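Here's the letter readout for the chains.
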Amino acid sequence: MIFAGLAVLLISLASVPASFVYGEAELDTYIVFLQKPEGLSTLADGDLESWYSTFLPDTTLASSSSTTRLVHTYRNVVTGFAAKLTKGEVKAMEKKDGFISAQREKMYSLHTTRTPAFLGLQLNNGLWNGSNNGKGVIIGVLDTGVTPNHPSFNDLHMPSPPAKWRGKCQLPKCNKKLIGARNLVGDTYATDDEGHGTHTSSTAAGSPVQASAFGQASGVAYGMAPLAHIAMYKVCSEEGCPGGSILAGIDAAVADGVDVLSLSLGGASSRFPEDPIAVGAFGAIQKGVFVSCSAGNAGPASASSANEAPWILTVGASTIDRKIKATVLLGNKAGYDGQSLFQDKKFRHRLLPLVYAGANGRAASRFCAPGSLNKSVKGKIVLCERGGEIARIGKGQEVKDNGGAAMILMNDQPNGFDTLADAHVLPASHVGFVAGEAIKAYLNSTKSPKATILFSGTIFGNPNAPQVASFSSRGPSLASPGILKPDIIGPGVNILAAWSVSVDNITNPPFNMISGTSMSCPHLSGIAALLKNAHPDWSPAAIKSAMMTTTYLSNLGRTKPILNEQLQPANLFDMGAGHVNPVLAADPGLVYDLQPNDYIPYLCGLGYKDSEISGLIQRKAHCGNVTIPEAQLNYPSFSIRLGSTPLTYSRTVTNVGRANSVYVAKVVLPRGVNVKVHPERIVFNRLKQKATFTVTFTSKGFSAETYSQGFLYWLTKGYVVRSPIAVISA
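Residues numbered from 1 in each chain as written. Predicted model: local features only at pLDDT ≥ 70, side-chain atom pairs only at ≥ 80, totals over all residues. Heavy atoms only, no water.

Let us now look at the state of the cysteines. Per the counting criterion, the structure on display carries four disulfides. Two residues share a disulfide in this structure: Cys236 and Cys241, whose sulfurs sit 2.0 Å from each other. For the disulfide bridge between Cys236 and Cys241, the dihedral angle about the S-S bond is near 105°, and by the sign convention the bridge is right-handed. We note that Cys236, like Cys241, is buried. Each disulfide pairs two cysteine sulfurs, and for Cys368 the partner residue is Cys384, the sulfurs being separated by 2.0 Å. On the sign convention where negative is left-handed, the bridge of Cys368 and Cys384, at about -80° about the S-S bond, is left-handed. Placement of Cys368 in the loop between helix H8 (363-366) and strand S20 (381-385) and of Cys384 in strand S20 is noted, with a sequence separation of 16 residues between them. (Disulfide = S-S within 2.5 Å. Buried < 20%, exposed > 50% of the residue type's maximum accessible area, 1.4 Å probe, protein only. Helix = DSSP H or I, 4+ residues; strand = E, 2+ residues; numbered from the N terminus.)

If you want it as structure tokens, here you go:
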């Protein structure tokens, strides 16, 4: 039973540290998943609390005790609680009726204006007009808090919140834009000390406001859904994002009445029943709430994606067509374009001595790690290498602290040509790997190498955009290889949005330009809000399908495919279904729909225990023979392992386009694979009509391949419905 409308109980634990020795045993925070026994399905709020208390040792129950250990209780998306417990206490719990599992809490991390125009969103036109700019939709953001007085959250022209809204305001003041906030990691206001939550929430649904940072990228900044409401759930602090708090945030948001959840955070791949984000998200979609999560910033490494559950939209990051140009000019007159948000107008464009930080052979020096340089760099331009787990801006700080005049930051080989416009602390240019190697070669070719940096400001029209960001996490999925992840990519590089404090001590109100899948996720969350307004009867899976089947696969000029950080064509594990196209997503023609119960055979097929699935769906589950392969799930994409035996999967599409329409199948074959679709023609005579087809994959020499990709199209006049096909060897 899900107790909609009830709030999450948060008990202050100021007296209990994160790791606390209780007697001879150490206390850790555990998330305890329960299944209510039959007869207890209609427990009232207080009765539910009482039932939870039966799982805890008597010493944890007195609220006046200095050792109160209950952290969160959950009622809406999952049954259970988080508490400070010893291993022995958890072991004793396992014998109690209703106990499913207890997971030690993990710490999750953040996945840290131009974009509406870049995405084709236009004021009073197209999707913004057709969706009323997201009017009436509530986006719940789980993050570091929010800066409530920022003009990106002004409520001019905003309607009142919908009558269903039941949230709280743990801020000095809320309004019709920022309608609520809760702090799940403390007992103070849900204000933002870090800037991240302010940035993500304004990206999703910020009000229009004049914006710039360091005088660059000037213009009017809009959120993706400028008339949607925002509710902030502070689940992260300086220490990170505790899993129990994340689950409490999702639980509270669903009770409060949000329509879309946006989570720009995550952790390593894990089993779905043990992942609080996956567990909470499943409870949310059972209530009709769309969930969008960042894929992570562990790219370009393969199989690095976070948030892999198929009921989550997993969002990778891509570039936009704007650069903040900073060109390195060498003494031999060779020039290499890079980027920097800080464009120092006082920097004299004269040639200065150029040195390589790693010339002494020490790894710490080449990465410009803190304490690795000395005053020998004074007055010189220093070439530093990206990496070494040193923040990019931190490298510049080391150069500046030792009197360096400027910094050239060069990529390592994996990051290729991907550069970022950071708010550096001194004149700087971030260049790609090839440019960096050329600068190194120049350094070794002369006894007196020199260089300067030429700042050109904001430049539009990058022909390679969108390009997959090097940091964007990649597939295949480890938790479920039969589901293609990430699902989609969206703008996540050099994104200008609201910030909590001024980064240049000039711009007011404060904005900042940062990069990460943290930035791409709220773009998709805002677009989901637009689609929710335009199609209030669509399920979360239908909204997701509409986005995934209408993406584009080429650059802005439509002259070349979307590229990766090496300027090579991106594959499906880089970009999922492709780059979001919100205008087409509003009218996709067909959708691949899923209801929550449809995931049960899929979860059984993954080999999860009945009790684990029961914890996810909040009622008893019994797999028995109710099981399907992963790739059989009615998903808008295909990810298959192919050997010598042919594989056949079915899909069902729902007509949301024209009542009378005929769709014809077309297949772009993966290399070495034959694909047969039956039937090849689907006829619809009404809206919401469903049709089922099968797809058979057969190897034609694929054994010599390790990866191949193709596409399945359903075509009719005015509609192109595309599903990506990723094939790896079995």
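Quick look at the side chain of Arg722 now. Along the chain, Arg722 turns up in strand S35 (residues 719-729). It is Asp487 that comes nearest to the buried, bridge-free Arg722 among opposite-charge side chains, at 13 Å. Separated by 2.5 Å, the side chain of Arg722 and the backbone oxygen of Thr551 make a polar contact. Excluding residues that lie within four positions of it along the chain, Arg722 makes contacts with Met548, Thr549, Thr550, Thr551, Tyr552, Leu553, Ala577, Pro636, Phe711, Leu712 and Tyr713. (Lys, Arg positive; Asp, Glu negative; His and termini not counted. Salt bridge = Lys/Arg side-chain N within 4 Å of Asp/Glu carboxyl O. Polar contact = N/O pair within 3.5 Å; in protein donor to acceptor, adjacent residues only side chain to side chain. Contact = heavy atoms within 4.5 Å.)

So, on to the sheet that holds strand S12 (residues 241-242). In spatial order, the strands read S12-S6-S14; together these three strands make up an open sheet with antiparallel pairing. Of all strands in the sheet, those with a lone pairing partner are S12 and strand S14 (265-266), marking the two edges. Note: strand S6 (residues 107-110) against S14, two bridges, orientation antiparallel. When the bridges of S14 are listed, Leu110 appears paired with Leu265. (Pairing = 2+ DSSP bridges.)

Here seven strands make up an open sheet; going across it, the order is S8-S11-S7-S13-S15-S16-S24 and the pairing parallel. Here the strands that pair on one side only, and so sit at the sheet edges, are strand S8 (178-183) and strand S24 (488-491). Pairs of neighbouring strands in the sheet enclose a mean axial angle of 25°, with direction left out of account. With four bridges joining them, strand S7 (residues 138-143) and strand S13 (residues 260-263) adopt parallel strand pairing. Within S13, the residue paired with Gly140 across the bridge is Leu261. On top of the sheet, helix H12 (residues 540-548) reaches strand S15 (290-294), strand S16 (313-318) and S24; it is set at about 50° to S15, its chief contact. (Axes fitted to C-alpha atoms, helices over the stretch in contact; angles between N-to-C directions.)

Looking at the secondary structure, you find Pro276 in helix H7 (residues 276-286). Through-space distance from the C-alpha of Pro276 to that of Ile250 is 9.4 Å; in sequence the pair is 26 residues apart. Not counting chain neighbours up to four residues away, the residues in contact with Pro276 comprise Ile31, Tyr108, Gly243, Leu247 and Ile250.

Turning next to the packing of helix H5 (residues 196-205) against helix H11 (residues 517-534). Where H5 meets H11, the axes come as close as 7 Å, and the angle between the chain directions of the two elements is 35°. For the element pair H5 and H11, the recorded crossing hand is right-handed. Residues His196, His199, Thr200, Thr203 and Ala204 of H5 form the contact with H11, whose participating residues are Ser518, Met519, Pro522, His523 and Gly526. (Left-handed = near helix turned anticlockwise from the far one by under 90°.)

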